[in-house]
Amino acid sequence: MRHVYRAGLIVASACALVLVGSLVSGDSSLAAPAAVGCFVSLGIGAFGFRRLREFSFTIWIFAAVTAAMFYPQYFQKVGDFDLKVLIVPLIQVIMFGMGTRMSLKDFGAVAKTPKGVLVGLVCQFTIMPLVGVSLALAFRFPAEIAAGVVLIGCAPSGVASNVMAYIAGANLALSITLTAIATLLAPIVTPALMELLAGQFVPIDFVDMMIGIVEMVIVPIVLGLILNRLTRGRAAWLDKAMPLLSMVGIAVIITIITAAGRDALLDVGLLLVLAAVIHNGTGYLLGYWSARLLRMDKKSCRTIAIEVGMQNGGLASGIALQMGKVATVGLAPAIFGPWMNISGSALANWWRRTSEEKSEIRNQKSERKIDLIE
């Protein structure tokens, strides 16, 4: 398999050269296949190298988005079947997977770390919504695009934040608890915030949105919890299958939304990407320093930063679909999702490396002290 991975990287490099050549020469006929081929090949090659493997999911997302941008007709309908119909069921599968990995014990952590949970939830549902509406107004996006920027800010965190907290060596128990509680609060908090902040852009029906989130989130999670309780952790195959199925589901959702909103994305694409980068980065920054100001330990501060900065883009996309505006309101979540995986991976790996370096320095100092004593 090592040869396959290396071949993937070689093909990716060749496709990148073809892409650059086509752009320089002005002959765009090869740009589309070269761009798609570059990301697909890079995605294959990434599995063979530890440092690249952590970014493989994001690379595949870029491959899917690139294909959807160049060939949108293949990702909107199959015959008479509208692929947008798949979005809500896929979100339900992802939420069910979250439920199977949870237990009632996860919620018991609230009693053990009430300050961390309270700080995390307040930061989650204040920082990101307020930054979202500020960016929407500052960039003067069209009304429905602006509503999407606010929507991704009003969504809870998702399972991706738990993965990043684990990689960063942060407080994983706090991360899981925050994700679980924020998700359970979403049917009330998200529609309320949307009505308050996004009502100036598009009409918001609080009750319809609340019911939709209950159907997409609460019901699948409860079913997952029940299954986990019945199997008592014996379904090991399910624990392995659900994360992969969730990643595939997220990729499919982003691809469908990108294809549906391609024209609108071409109009505001770069500005929307910039808004997503600022939104995400501000969430990390304010989440971390809010926790630091409240004198929380560094691990918990890093956890809250990740939980605040990383949102549940899949859920936001499902809400956009239920609003009947997935091609406009759904664009911001579709862009925010891939970017937060890139930034989250980079931040988590940086924090992990700095922690390892500090630990190594402490060990060296301890060894020197022992040598001096001897």
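The structure this text deals with has already been given above.
This structure is a prediction, so every number in the text was calculated from the model and none was measured. (Residues numbered from 1 in each chain as written. Predicted model: local features only at pLDDT ≥ 70, side-chain atom pairs only at ≥ 80, totals over all residues. Heavy atoms only, no water.)

Draft legend 1. Local environment of the packing of aromatic side chains. Going through the model one piece at a time under the given rule, you end up with five aromatic pairs. Taking the centre distance of 5.3 Å and the plane angle of 80° together, the rings of Tyr288 and Trp289 count as edge-to-face. The rings of Tyr288, Trp289 and Trp351 are connected pair by pair, giving a single aromatic cluster. (Phe/Tyr/Trp six-rings, centres within 6.5 Å; stacked < 30°, edge-to-face > 60°.)

Draft legend 2. Fine view of the nonpolar core. Within the largest apolar cluster, 93 residues are counted, with the highest numbers of intra-cluster contacts made by Phe141, Val150, Met194, Phe201, Val217, Leu272 and Ile304. The greatest single-element share of this core, amounting to nine residues, is contributed by helix 17 (residues 331–373). Among all residues touching Val217, those that are not within four sequence positions of it are Met95, Thr183 and Leu315. (Core = buried A, V, L, I, M, F, W, Y, C linked by side-chain atoms within 4.5 Å. Buried < 20%, exposed > 50% of the residue type's maximum accessible area, 1.4 Å probe, protein only. Helix = DSSP H or I, 4+ residues; strand = E, 2+ residues; numbered from the N terminus. Contact = heavy atoms within 4.5 Å.)

Draft legend 3. Spotlight on helix 14 (residues 262–293). At Val268, helix 14 shows its largest bend, some 75°. Where helix 14 terminates, the next one or two residues include Arg295, which has phi positive at roughly 60°. (Bend = angle between axes of the 7 residues up to and from the residue.)

Draft legend 4. Inspection of the environment of Ile167 at higher detail. You can see Ile167 is positioned in helix 10 (residues 159–168). Note on Ile167: relative accessible area 19%, which makes it buried. Not counting residues within four places of it along the chain, the set of residues in contact with Ile167 comprises Ala348, Asn349 and Arg352.

Draft legend 5. Local environment of the side chain of Gln311. On the secondary structure map, Gln311 appears in the loop between helix 15 (298–309) and helix 16 (313–322). Residue class for Gln311 comes out buried when judged on its relative accessible area of 1%. At 2.7 Å, the side chain of Gln311 and the side chain of Gln124 are in polar contact. Every residue in contact with Gln311, bar those within four places of it in the chain, is listed here: Gln124, Met128, Ile152, Gly153, Ala155, Pro156, Ser157, Gly158, Phe336 and Met340. (Polar contact = N/O pair within 3.5 Å; in protein donor to acceptor, adjacent residues only side chain to side chain.)

Draft legend 6. Layout of the pattern of salt bridges. Under the definition given, this model contains one salt bridge. Salt-bridge contacts for Glu144 lead to Lys325; the nearest nitrogen and oxygen are separated by 3.0 Å. With a gap of 181 residues between them, Glu144 in helix 9 (residues 143–154) and Lys325 in the loop between helix 16 and helix 17 connect regions that are remote in the sequence. Judged by relative accessible area, which is 28%, Glu144 ranks as partly exposed. Residue classification places Lys325 among the partly exposed positions, given a relative accessible area of 22%. (Salt bridge = Lys/Arg side-chain N within 4 Å of Asp/Glu carboxyl O.)

Draft legend 7. Just a positive patch on the surface, in detail. Among the surface-exposed residues, Arg2, Arg6, Arg50, Arg51, Arg53 and Arg353 lie close enough to one another that they form a single positively charged patch. Only helix 1 (2–25) and helix 3 (50–53) provide two or more residues apiece to the positive patch. Per element, the largest residue contribution to the positive patch is three residues, and it comes from helix 3. Checked against the element boundaries, Arg2 lands in helix 1. The class of Arg2 is partly exposed, set by a relative accessible area of 43%. (Patch = residues over 30% accessible without salt bridge, like charges linked within 9 Å, V, L, I, M, F, W, Y side chains within 5 Å. Areas by Shrake-Rupley, 256 points an atom, 1.4 Å probe, with all protein chains shown as cover. Lys, Arg positive; Asp, Glu negative; His and termini not counted. Charge placed at Lys NZ, Arg CZ, Asp CG, Glu CD.)

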